[in-house]
Amino acid sequence: MLTGVTSFFDRLVQRYLPDAFLFAIILTLVVFLLGIGITGSSPGEMVQYWGDGFWDLLAFAMQMSLIVVTGYILANTPVVKSILAKISRLADSPGKAVVLVTFVTAIACLINYGFGLVVGALLAVHVAKRVPNVDYRLLMASAYGGFLLWHGGLSGSIPLTIATDDHFLVDSIGSIPVTETLFSGLNITIVLILLVSLPLLNLWLLKTNGDLSKNNLDFLETESAEEELAATTANEMTPAERLENSMIISLLIGILGLAFIVYHFIQNGLDLNINIVNFTFLFLGIIFHKTPRRFLNSVTDGVKNAGGIIIQFPFYAGIMGMMVASGLSEQMSMWFVSISSELTFPLFAFLSAGIVNFFVPSGGGQWAVQAPIMIPASLDLGIDTAKTAMAVAWGDAWTNMIQPFWALPLLAIAGLKVKDIMGFCVIILFWSAIPISLALLFI
């Protein structure tokens with residue numbers, strides 16, 4: 001029966017889930033129609049909301065594109081290849097492979113979500129090379145499954161937002177320290193349960209999935225820059241070519257970048273925001289590639305993987321624009337509040353956040369939409385606002401398992417399509433709902 005469940009969802013997704021770009025278009029049309037039917041907005045107004053929001057994620061799209069490109073650049077340096085290869089040696093069987101990738105990705109995502117996504121995908125590639133008979137699709141689904149823990153970690157946008165002194169709800173709830181959110185008994189319990197159970201779940205998925213996917217890793221093999229240079233001696237280089245192949249140039253700019261990284265952490269502590277992660281990846285890539293030419297060769301190969309992010313994120317921004325401006329996300333949240341009691345409110349906050357996240361796949365953006373509804377409701381019911389915030393945070397993380405938005409960077413590195421991993425992610429979604437829901441009800 002268990003094998004049948006896994007096979008059913010895998011076949012269902014493989015047959016009916018379109019490419020991630022078409023998924024974004026279909027979601028756009030669905031929200032457009034829901035806005036007209038539920039909120040009473042006119043077609044013209046929905047078009048306006050869509051167009052006004054279409055470019056709101058440009059900065060974020062650039063950040064995520066750079067996550068893919070800089071991660072690829074760094075991964076293709078001899079130093080990082082060696083490190084990832086050594087870690088991958090811990091896996092000498094398909095079972096150990098999925099457990100290792102799930103666990104390492106989860107830990108990395110608890111540190112920082114962008115860092116975790118890239119590390120998980122790159123480690124999975126190296127593990128697949130080490131264990132060629134592992135199901136590559138499941139291995140990448142295992143890496144993406146680790147991303148489920150991100151909003152319970154150090155880069156969780158909602159708990160970090162309400163911990164600041166100037167957040168938009170400070171007048172009603174004050175500043176809530178992370179000791180009451182990220183380091184609460186509720187959050188630690190959920191994190192520990194998922195940290196232990198997700199690797200075991202993916203191990204079970206491996207055993208119940210009979211079909212092995214052929215590992216196609218050729219796209220990650222780039223031509224060696226050293227081999228290119230071997231044919232050209234220093235005497236044959238032009239002055240421009242000498243600069244392009246100068247280790248001194250890379251070292252000087254690399255030292256400058258490292259100096260800022262050290263300064264950043266001295267001034268801000270362990271602040272692993274997406275910009276400093278990209279900055280670190282970029283300048284370590286410059287140093288480890290040794291010369292500007294080798295670095296630029298890797299950049300040329302890396303940018304090929306960012307196309308899906310560049311073209312799809314504006315569509316999700318348009319969806320978010322329609323959801324917020326039409327009031328559709330507000331009405332969804334209000335309905336869950338209306339059927340909640342003191343006991344069930346955290347659970348319904350979690351479920352409503354999971355649904356809203358499907359259309360507004362941004363933790364900070366979702367909090368801006370739901371917090372003005374959920375926080376007053378929790379105050380009226382006498383429910384801890386920190387618990388309410390974490391319920392929304394976990395709802396946001398939960399449905400990422402079936403929302404291609406966050407999978408795009410990982411899939412770009414993996415060379416897979418969303419339907420290749422989503423059948424397994426559905427199982428992860430169903431399982432993770434159990435410990436999260438029980439914790440929200442009884443802790």
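Predicted model, so just to flag it, every value in this text is computed and none were measured.

1. Some thoughts on a nonpolar patch on the surface
Together, Leu154, Phe183, Ile188, Leu192 and Leu270 give the surface a local cluster of nonpolar side chains, amounting to about 490 Å² of exposed area. Mapped onto the elements of the fold, Leu192 is located in helix 11 (residues 185–208). On the basis of relative accessibility, which here comes to 49%, the residue Leu192 falls in the partly exposed class.

2. Considerations on the packing of aromatic side chains
All told, the structure shown has 27 aromatic pairs when counted by the stated rule. Centre to centre, the rings of Tyr144 and Phe147 are 5.7 Å apart; their planes meet at 20°, and the pair counts as stacked. Grouping residues by exposure puts Tyr144 and Phe147 together as buried. Chaining the aromatic ring pairs together yields one cluster made of Phe60, Tyr113, Tyr144, Phe147, Trp150, Phe313, Tyr316, Phe405 and Trp406.

3. Some points on the confidence of the model for the protein chain
Averaged over every residue, the pLDDT of the protein chain is 88; the share at 70 or more is 93%. Note on residues 222–231: pLDDT under 50 across the span, and 12 contacts to partners over four residues away in sequence or across chains.

4. Observations concerning the packing of helix 8 (residues 136–146) against helix 23 (residues 418–442)
In helix packing, the relevant descriptors are the interaxial angle and the interaxial distance, both defined with respect to the helix axes. Between helix 8 and helix 23, the shortest axis-to-axis distance is 8 Å and the interhelical angle comes to 50°. With respect to helix 23, the element helix 8 is oriented oblique. Between helix 8 and helix 23 lies a crossing of right-handed hand. Counted together, Arg137, Leu138, Met140, Ala141, Tyr144 and Gly145 of helix 8 and Asp420, Ile421, Phe424, Cys425 and Ile428 of helix 23 form the full contact between these two elements. Across the contact of helix 8 with helix 23, the residue classes tally to 8 nonpolar, 1 polar and 2 charged.

5. Here we look at the side chain of Ser41
The topology assignment puts Ser41 in the loop between helix 2 (20–39) and helix 3 (43–53). Residue Ser41 is classed as buried on the basis of its relative accessible area, which comes to 7%. Only 2.9 Å separates the side chain of Ser41 from the side chain of Thr39, close enough to count as a polar contact. When sequence neighbours within four positions are dropped, the list of residues in contact with Ser41 reads Gly35, Ile36, Met46, Tyr49 and Ser326.

6. Details of helix 16 (residues 292–302)
Along helix 16, the positions that sit buried rather than exposed are Pro292, Arg294, Phe295, Ser298 and Gly302. In a view along the axis of helix 16, the buried residues occupy a sector of 165°, so they form one face of it.

Calculation notes
Residues numbered from 1 in each chain as written. Predicted model: local features only at pLDDT ≥ 70, side-chain atom pairs only at ≥ 80, totals over all residues. Heavy atoms only, no water. Patch = residues over 30% accessible without salt bridge, like charges linked within 9 Å, V, L, I, M, F, W, Y side chains within 5 Å. Areas by Shrake-Rupley, 256 points an atom, 1.4 Å probe, with all protein chains shown as cover. Salt bridge = Lys/Arg side-chain N within 4 Å of Asp/Glu carboxyl O. Helix = DSSP H or I, 4+ residues; strand = E, 2+ residues; numbered from the N terminus. Buried < 20%, exposed > 50% of the residue type's maximum accessible area, 1.4 Å probe, protein only. Phe/Tyr/Trp six-rings, centres within 6.5 Å; stacked < 30°, edge-to-face > 60°. pLDDT = per-residue confidence, 0-100. Contact = heavy atoms within 4.5 Å. Axes fitted to C-alpha atoms, helices over the stretch in contact; angles between N-to-C directions. Parallel < 35°, antiparallel > 145°, perpendicular 65-115°, else oblique. Left-handed = near helix turned anticlockwise from the far one by under 90°. Nonpolar A, V, L, I, M, F, W, Y, C, P; charged D, E, K, R; others polar. Polar contact = N/O pair within 3.5 Å; in protein donor to acceptor, adjacent residues only side chain to side chain. Arc of directions from axis to C-beta.

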